[in-house]
Amino acid sequence: MDAFLKRDIYTFIRGKINSILFEENPDGVEIVDEDGYIVSCNKAQAHLLQYLPKEIIGHHITDFLTEQHKELFKQKFESLKEGKSIDFEIELVRKDGVSIYIWSKVNPIKGEDGHFIGAIIYNRDITSYKRRESALWGDLERYRAISDGANDLIQCIGPSRNFLYVNEKWRKTLGYSDEEIVHLKLDDVLSPESLPKCKEVLEKVRSGGTVTGVEIVFITRDGKEVFTEGSINGYFRDGKFIGTRGIFRDLTERKRMEREKAELQERLLHAQKMEAIGTLAGGIAHDFNNILMAIMGSTSLMLFSKNRNDPEYEYLKNIERMVKRGANLTKQLLGFARRGKYEVEPTDINELIEKTSQMFAETKKEITIHRKLTPDLPPIEANAGQIEQVLMNIFVNAWQAMPGGGEIYIETKKEKLGTVTSQVYGVRPGTYIRCSITDTGEGMDKETQKRIFEPFFSTKERGKGTGLGLAMAYGIIKNHGGAIEVESEKGAGATFHIYLPISERAISRERKRKKMLVGGSETILLVDDEQQVIDVQR
Ligand SMILES: Nc1ncnc2c1ncn2[C@@H]1O[C@H](COP(=O)(O)OP(=O)(O)OP(=O)(O)O)[C@@H](O)[C@H]1O
Ligand SMILES: [Mg+2]
């Protein structure tokens, strides 16, 4: 920049300063040009450095800094050019060689064209305050060796809530380096909920109290929560408050274990409840089924001898229809109660999904199905018809949850369940095929999720749902030695995960020959525990 232009800028800057009452300011104030050369300074600044103003003007600002702070200042000065003001603590060297601590606030100055042309710096002497801090620091040094070996988080905080000391465990747990800790404030490492609590505690210890059993949640450098319980007390010198000491025990792992235990307990209770409902529902369904079979048989026999024009024909037909509906209900309940024997064979789950989802997609054009099926998966030990029913129930629910249409994503994957996860899902440890079905529907809240597998639990209006679809799916999957789980949020769709154990056998491609029904003169032995059922079957 040529000398003339520079002088113009100086004049411009001086013109600006003249409008500010800076001479009488108790803080040191200095003006520097864009390269950091001092253009002007007030009396307080000269007094701070014990020079005359004319001995300061024209020097570079870093000429008055301690060696180790020159570089720091240069970096800070560069960042000014982005137009934001900055503040920091720095050490200056007086004419007599004594170094003093300064809190500096630097505001950039922009020229008429908006370019950075210099800065105005306010300097406040904080030396005496710093000395008090370093006295505390000296004492702390003595305890450092002991506290670094401690298994608790130990911290000492200065009055401006900066960290004067933290021990090894604190650094490791929260993940900050020594350099970073220098610039940290207490507020940077606390969870938003712990902040007000901590401020309250600080007020108490300022007046000499000790606070114990305080629960504080710290936040690590990478944003994780650390649950602690600790005690905090004030640190005083000559009766003056100079900081706080806190010792905190990390309870995160304990909390996690407690939470896991509670979750497992809840799952166990849920499984027991489902088991009990299953026994009850199964018992009722079995008896009802027998009753219905007897009614059905009798009705059929009566219909046999009735002519279509008979006035009673329609009544009997009606009975038959109602009995069929009842039988359908009991069938679903029996499915949930895991009664009945199903033939299982090694089955290709991908093939089954392809077939069922295609069939479903053909009837529901407003739904788009996306499949991400891992190829060459080992077969599962399953009854294809039953698994198809499970898939269909889930698809229908998804469709009902997306009244305006939507997407269904189906994914299959091989997964190993270890001892812990398998215990959570209530299955044996081993290799499973996970089939996940996600919809983009209305989703459900946690309370609904807890109950969806119960028989007769439905949020649908009367006549739209009996609440047996997922109960049956649950029974079928459990019967296959698998697990079914739901993951959802209100308004954000739902995902059903089905785990099915893999089969040790290979899939037999041989088609079973259709058996023909051939009547003969055999004697048939009828066995049933209900006389009525036997009567009608005769
Ligand atoms: N994909 C889904 N999105 C949102 N809610 C669902 C979903 N699937 C199931 N639900 C909830 O779970 C409840 C129980 O489902 P379930 O299939 O057992 O019964 P239903 O669909 O109400 O009746 P049914 O299947 O017997 O006709 C539903 O009423 C609904 O509240
Ligand atoms: Mg349903």
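Quick notes on the rules
- Residues numbered from 1 in each chain as written.
- Chains lettered and ligands numbered in written order.
- Predicted model: local features only at pLDDT ≥ 70, side-chain atom pairs only at ≥ 80, totals over all residues.
- Heavy atoms only, no water.
- Helix = DSSP H or I, 4+ residues; strand = E, 2+ residues; numbered from the N terminus.
- Rg over C-alpha atoms; globule rule 2.2 N^0.38 Å.
- Buried < 20%, exposed > 50% of the residue type's maximum accessible area, 1.4 Å probe, protein only.
- Contact = heavy atoms within 4.5 Å.
- Areas by Shrake-Rupley, 256 points an atom, 1.4 Å probe, with all protein chains shown as cover.
- Lys, Arg positive; Asp, Glu negative; His and termini not counted.
- Charge placed at Lys NZ, Arg CZ, Asp CG, Glu CD.
- Salt bridge = Lys/Arg side-chain N within 4 Å of Asp/Glu carboxyl O.
- Polar contact = N/O pair within 3.5 Å; in protein donor to acceptor, adjacent residues only side chain to side chain.
- Axes fitted to C-alpha atoms, helices over the stretch in contact; angles between N-to-C directions.
- Parallel < 35°, antiparallel > 145°, perpendicular 65-115°, else oblique.
- Left-handed = near helix turned anticlockwise from the far one by under 90°.
- Nonpolar A, V, L, I, M, F, W, Y, C, P; charged D, E, K, R; others polar.
- Near = heavy atom within 4 Å.
- Patch = residues over 30% accessible without salt bridge, like charges linked within 9 Å, V, L, I, M, F, W, Y side chains within 5 Å.
- 1 Å grid on protein atoms, 1.4 Å probe; cavity = no way out; pocket = protein on both sides within 12 Å on 5 of 7 lines; lining within 4 Å.
- Points joined across faces, edges and corners; volume = space filled by probe spheres on them.
- Domains from an automatic or database assignment.
- Pairing = 2+ DSSP bridges.

Peer 1: Got a sec to walk through the overall build of the protein chain? Specific residues and values, please.
Peer 2: Across its full length, the protein chain holds 16 helices and 17 strands. For 538 residues, the compact-globule estimate of 2.2 N^0.38 gives 24 Å, and the protein chain exceeds it by more than 25% at 40 Å. Projected onto the principal axes, the alpha-carbon positions of the protein chain cover approximately 130 × 55 × 50 Å. Expressed as a percentage of its 538 residues, the buried residues of the protein chain come to 41%. Summarising the internal contacts of the protein chain: among those between residues at least 6 apart in sequence, 57% fall at separations of at least 24. As displayed, the protein chain offers around 32100 Å² of accessible surface, 52% of which is attributable to carbon and sulfur atoms. Treating the 79 positive side-chain charges of the protein chain as one cloud and the 82 negative ones as another, the clouds have centres 3 Å apart.

Peer 1: Which residues make up the pattern of salt bridges, and what values go with them?
Peer 2: For the coordinates displayed, the defined rule picks out 27 salt bridges. Between Glu 253 and Arg 256 there is a salt bridge, with the nearest N and O atoms lying 2.5 Å from each other. With Glu 253 and Arg 256 both in helix α9 (residues 252-304) and 3 residues apart, the pair spans about one turn of that helix. With relative accessibility at 34%, the residue Arg 256 sits in the partly exposed group. With its nearest N and O atoms 2.9 Å apart, the salt bridge here joins Glu 485 to Arg 267. Separated by 218 residues along the polypeptide, Glu 485 in strand β16 (residues 483-488) and Arg 267 in helix α9 bring together distant segments of the chain. Residue classification places Glu 485 among the buried positions, given a relative accessible area of 15%. Taking relative accessible area as the criterion, Arg 267 reaches 27% and is therefore assigned partly exposed. It is possible to trace a salt-bridge network through shared partners that takes in Glu 168, Arg 171, Lys 172 and Asp 178.

Peer 1: So what about the side chain of Thr 173? Which residues, and what values?
Peer 2: By the secondary structure assignment, Thr 173 is in helix α6 (residues 168-174). From its side chain, Thr 173 meets the backbone oxygen of Lys 169 in a polar contact 2.6 Å long. Not counting chain neighbours up to four residues away, the residues in contact with Thr 173 comprise Leu 153, Thr 220, Val 226 and Asp 250.

Peer 1: Provide a residue-level description of the packing of α9 against helix α10 (residues 313-336), including the pertinent values.
Peer 2: Interaxial distance between α9 and α10 falls to 8 Å at its minimum, and their mutual angle equals 155 degrees. Regarding the angle of α9 to α10, the classification is roughly antiparallel. Between α9 and α10 lies a crossing of left-handed hand. Per-class residue counts for the contact of α9 with α10 are 18 nonpolar, 8 polar and 3 charged.

Peer 1: Please give an account of the site of ligand 1 that cites residues and values.
Peer 2: Lining the immediate environment of ligand 1, one finds 19 residues, of which Asn 397, Ser 458, Thr 459, Lys 460 and Thr 466 sit closest. Taking Ser 458, its side chain carries an N or O atom lying 2.6 Å from an oxygen atom of ligand 1. Relative to its unbound accessible area of 590 Å², ligand 1 is 92% covered by the protein chains. Listed by contribution, the elements that provide at least two residues to the shell around ligand 1 are α12 (384-401) and α15 (469-479). The element best represented in the shell around ligand 1 is α12, accounting for 4 residues. Residue composition of the shell around ligand 1, grouped by class: 8 nonpolar, 9 polar and 2 charged.

Peer 1: Let's hear about the environment of Val 390: which residues, and what values?
Peer 2: Mapped onto the secondary structure, Val 390 falls in helix α12. With 148 residues separating them in the primary sequence, Val 390 and Ile 242 have C-alpha atoms 68 Å apart. Those residues in contact with Val 390, other than ones at most four positions away along the chain, are Ala 473, Ile 476, Ile 477 and Ile 498.

Peer 1: Give a detailed account of a nonpolar patch on the surface, specifying residues and quantitative values.
Peer 2: There is a patch of nonpolar side chains on the surface, built from Leu 280, Ile 284 and Phe 288 and spanning about 310 Å² of accessible area. In this structure Leu 280 comes out as exposed when scored by relative accessible area, which is 57%.

Peer 1: Please give an account of unusual backbone geometry that cites residues and values.
Peer 2: The backbone phi angle of Gln 50 is positive, close to 60 degrees, even though this residue is not glycine. If you trace the backbone, Gln 50 turns up in the loop between α2 (43-49) and α3 (53-56).

Peer 1: Describe the layout of surface pockets, with residues and values.
Peer 2: Volume-wise, the largest pocket comes out at about 1200 Å³. Looking at the largest pocket, it is lined by 34 residues, and the ones nearest its centre are Glu 89, Lys 130, Asn 162, Val 182 and His 183. Taken together, the elements giving at least two residues each to the lining of the largest pocket come down to α4 (67-80), β3 (86-93), β4 (99-110), α5 (127-148), β7 (163-166) and α7 (178-183). In terms of residue count, α5 provides more of the lining of the largest pocket than any other element does, 7 residues in total. Within the lining of the largest pocket, the residues separate by chemical class into 16 nonpolar, 6 polar and 12 charged. When residues of the lining of the largest pocket are assigned to domains, at least three map to each of domain 1 (3-125) and domain 2 (130-250).

Peer 1: How would you sum up the sheet that holds strand β2 (residues 38-41)? Please name residues and give values.
Peer 2: Spatial strand order, β2-β1-β5-β4-β3: 5 strands in an open sheet with antiparallel pairing. Of all strands in the sheet, those bounded by a partner on one side alone are β2 and β3. The sheet shows a mean angle of 30 degrees between the axes of neighbouring strands, direction not considered. In the sheet, β4 pairs with strand β5 (residues 116-125) via 9 bridges, with the strands oriented antiparallel.

Peer 1: Just give me the short version of the sheet that holds strand β8 (residues 210-219), but keep the residues and values in it.
Peer 2: Two strands in a sheet stick together by hydrogen bonds in their backbones, pointing the same way (parallel) or opposite ways (antiparallel). If you trace the 5 strands from one edge of the open sheet to the other, you get β7-β6-β10-β9-β8, paired in antiparallel fashion. At either end of the open sheet lies a strand with only one pairing partner, and these are β7 and β8. Each neighbouring strand pair of the sheet contributes to a mean axis angle of 30 degrees, computed without reference to strand direction. On the sheet, helix α8 (residues 194-206) packs against β8, β9 (225-237) and β10 (240-250) and is oriented at approximately 150 degrees with respect to β8. Packing against the sheet, α9 makes contact with β9 and β10, and its axis sits at approximately 150 degrees to β9.

Peer 1: Would you mind going over a positive patch on the surface in detail, with residue names and values included?
Peer 2: Taken together, the side chains of Lys 197, Arg 254, Lys 255 and Arg 259 define a basic patch exposed on the protein surface. Counting residues per element, the positive patch draws most heavily on α9, at 3 residues. Along the chain, Arg 259 turns up in helix α9.

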